[in-house]
Amino acid sequence: MANKDTKLLEVYGLKKYFEIGKQKTLKAVDDVSFYIRKGETLGVVGESGCGKTTCGRTCIALYEKTGGQVMYRGEDVHLMKGEKRRKFTKQVQIIFQDPYASLDPKMKVQEIIAEGIRSHEMAETEDEIRKRVEDLLVTVGLDASYGNRFVHEFSGGQRQRIGIARALAVEPEFIVCDEPISALDVSIQAQIVNLLERLQKKRGLTYMFIAHDLSMVKHISDRVMVMYLGKIMEITTSENLYLKPEHPYTQALLSAIPIPDPHVEEKKVRIRMEGEVPSPVNPPAGCRFQNRCPYAIEKCQIEEPVLKKVEDEHFVACHRCKDLKK
Amino acid sequence: MDTILKVENLSVLFRTYAGEVQAVRDISFEIEEGNVTAIVGESGCGKSVTSRSIMGLIKKPGIVSEGSKIFFRDENILAYTEKQWEKYRGQKCSMVFQDALTALNPTMNIGKQITEKILVHRKVSKKEAWQEGIRMLELVGIPNAAMRMKQYPHEFSGGMRQRVMIAIALTLNPELLIADEPTTALDVTIQADILEMMKGIQKEQGMTIILITHDLGIVANFAQDIIVMYAGKVVEKGSSEDIFYHPAHPYTEALLRAVPRLDVMEETLETIEGAPPNMANPPTGCPFAARCRKKMPVCEQRFPDKITLVEGHEVCCWLQREDK
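Below: a short report on this structure. Only a predicted model underlies this, so the values are computations on that prediction, with no experimental measurement involved. (Residues numbered from 1 in each chain as written. Chains lettered and ligands numbered in written order. Predicted model: local features only at pLDDT ≥ 70, side-chain atom pairs only at ≥ 80, totals over all residues.)

### Observations concerning the overall build of chain A
What counts, and what does not: A run of H or I in DSSP counts as a helix once it spans at least four residues, and a run of E counts as a strand once it spans at least two, with each numbered from the N terminus. C-alpha atoms define the radius of gyration, and 2.2 Å times the number of residues to the power 0.38 defines the globule rule. Labels follow a simple rule on C-beta atoms placed from the backbone: if 20 or more others lie within 10 Å of a residue's own, it is buried; if 12 or fewer, it is exposed; otherwise it is partly exposed.
Broken down by element type, chain A carries twelve helices and twelve strands. Taken over C-alpha atoms, the radius of gyration comes to 21 Å for chain A, in line with the 20 Å a tight globule of 326 residues would show. Projecting the C-alpha coordinates of chain A onto the three principal axes gives extents of approximately 70 × 50 × 45 Å. When each of the 326 residues of chain A is scored for burial, the buried share is 47%.

### Section: the pairing of strand β7 (residues 174-178) of chain A
All names here are of chain A. Cut-off, in case you're wondering: One requirement defines pairing of two strands: DSSP has to find at least two bridges between them.
Counting buried positions along β7 gives five out of five residues, so the element sits mostly inside the fold. Every second residue of β7 is oriented toward a common face, with F174, V176 and D178 on one face and I175 and C177 on the other, all of them buried. Summarising the sheet, strand β6 (residues 92-95) and β7 pair through four bridges and their orientation is parallel. Pairing of V92 across the sheet is with F174, part of β7. With five bridges joining them, β7 and strand β8 (residues 206-210) adopt parallel strand pairing.

### Things to note about the sheet that holds strand β2 (residues 25-37) of chain A
Residue and element names in this part refer to chain A. Spatially, four strands are ordered β2-β1-β4-β5 in an open sheet, and the strand pairing comes out antiparallel. Lying at the two open borders of the sheet, with one neighbouring strand each, are β2 and β5 (75-76). In this structure, strand β1 (residues 7-19) lies alongside β2, joined through ten bridges in antiparallel fashion. When the bridges of β2 are listed, Y17 appears paired with K27.

### Some points on the interface of chain B and chain A
We apply this condition: Placing C-beta atoms from the backbone, we regard two residues as in contact once those atoms come within 7 Å. Basically, the charged four are Asp, Glu, Lys and Arg, the nonpolar ten are Ala, Val, Leu, Ile, Met, Phe, Trp, Tyr, Cys and Pro, and anything else, Gly included, counts as polar.
Between chain B and chain A, the residue contacts involve 33 residues of the former and 34 residues of the latter. Elements represented by at least two residues in the side of chain B that touches chain A include exactly α8 (188-205), α9 (216-220), α10 (240-245) and α11 (250-258) of chain B. Among the residues making up the side of chain B that touches chain A, the classes are represented as 16 nonpolar, ten polar and seven charged.

### Structural notes on the nonpolar core
Put simply, the test is: For this analysis, nonpolar core means a set of buried Ala, Val, Leu, Ile, Met, Phe, Trp, Tyr and Cys residues linked through C-beta atoms within 7 Å.
Ranked by internal contacts, the top residues of the largest apolar core, which has 187 residues, are M208 and F209 of chain A together with L211 and V219 of chain B. The dominant element in this core, judged by the number of residues it contributes, is helix α7 (residues 158-170) of chain B, at eight residues. In contact with M208 of chain A, other than residues within four places in its own chain, are I36, L42, V44, G56, C59, V176 and C177 of chain A.

Dropping the structure here:
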């Protein structure tokens, strides 16, 4: 049994830029460093365009990196080749946001799930493969006979379960969940989240859970990382984040979330941000949040804050958070 | 307070190759003037079809069944001619759609899209209409309104587009505004801004709003009345207080418990097992029976008539009825 503190994924100064047209660079992920421990869930939140999906995909080498380093069990994922790379693709899987677009409509469910088992030669006979697929379907709460059907016969929630079964098929240890529940109805969301939690307990999985729904992220994550315009603003345990958020952006995000309770909602004080998210092609100088921050001072416009430790397991990138606490 | 809108026995079905899909099944409710009423439910529960029926937007293969009635200030609008509809839409009742990018015309500048409506309905000059357009954009909190009038939808962010949609809906001062998931596609921060803006305008002008949504969170601080729909039926309705603190239908209860709350640390989420029924072949009894934890034999046989618990709080559930 591995130590609880074993770092499964370590990210150092990761950058991912996209060239868009003449001399324009979109800095989707710009110099982020973090780690994920074995067996934990790291939630990644932020508004659309903050780079959370790009970050997740670059971490598992679905995208080439522009700079920095991603280490998985001490190996650079972007330099893996041949057998190592194959092994890595077996250890790491992803569940996509859109359960309608991410499953091939021309393939039977059986084939979708069996694809990974076949390519990693995890079963010897056809019978064995079928048996495995049936087991997986049952594991994710579907009927074993569904393997013979096509994807269009299923609802959104069922499709997402198929997506999870496909990810589980190769017995991975690390799964990137890229907004796996945003496209689903509330009553179905809870089903999928509970399924993911149950699987994690049973199989000791590690998750990177990307979402914009902070209340769900709080529920599922051990630690949460808040991103804004390609940077990490704050990273801490999920309890800390909700009880004592330090970064003005985190506070603003949290205060914008509606709570399904009229009495609580009435008393809530909102921290307002100015304007909208600037374009990541041309982010503001200094702190990226500076032009929307209600507490910005001159220093914020000149110097970019670095991620600093404020207490155990709590890191914030803000010049002002110390003063604000007083 | 006066009743502005009264829906009586509304049924809407869609004839498809897979059979008749009964999207809305014999529902009745009233909307009080000056109130915000939320219609809450999951996809396919019939909430959008209901709102489209109120706007007269049900087109083939959709059919509003005979016997359905919708009264807008005592006039049955379902008996309207196309001419009457045209007058009604925009002046009396207006709608904000969910997806602002597809609802706006990408080849027309914003100014033209706002003034078009004013010029059709009112006898004013183009210049006056343009001024009115600028005023509307300012009302919904769009900075540099005069300059923004000349821009095209692609030059606006998602939140700003939705503001434009609301501005267009509000021109001509409609008495009733239907907002169909107005903030679903937006980030939480933008959502909060837009809801705040709508709330402000609603208070100021005393407008009646029907808010269609699946998110109980945004309803909490906005609506006075709530209608909960499930599988084409109204299963519960009441004041916001009734629904949030004294939910009587197991579906409403489950819905409230299925969403994680920011201010509570819960261990596991309660789930509603299963999925909503197929509306091409809806069950005869209570449609929620198959997923209900408190199911009784009678639930699968007959749909319960509504029962009034306290004034204004009505529920359709056998648990509350004594004649089970």
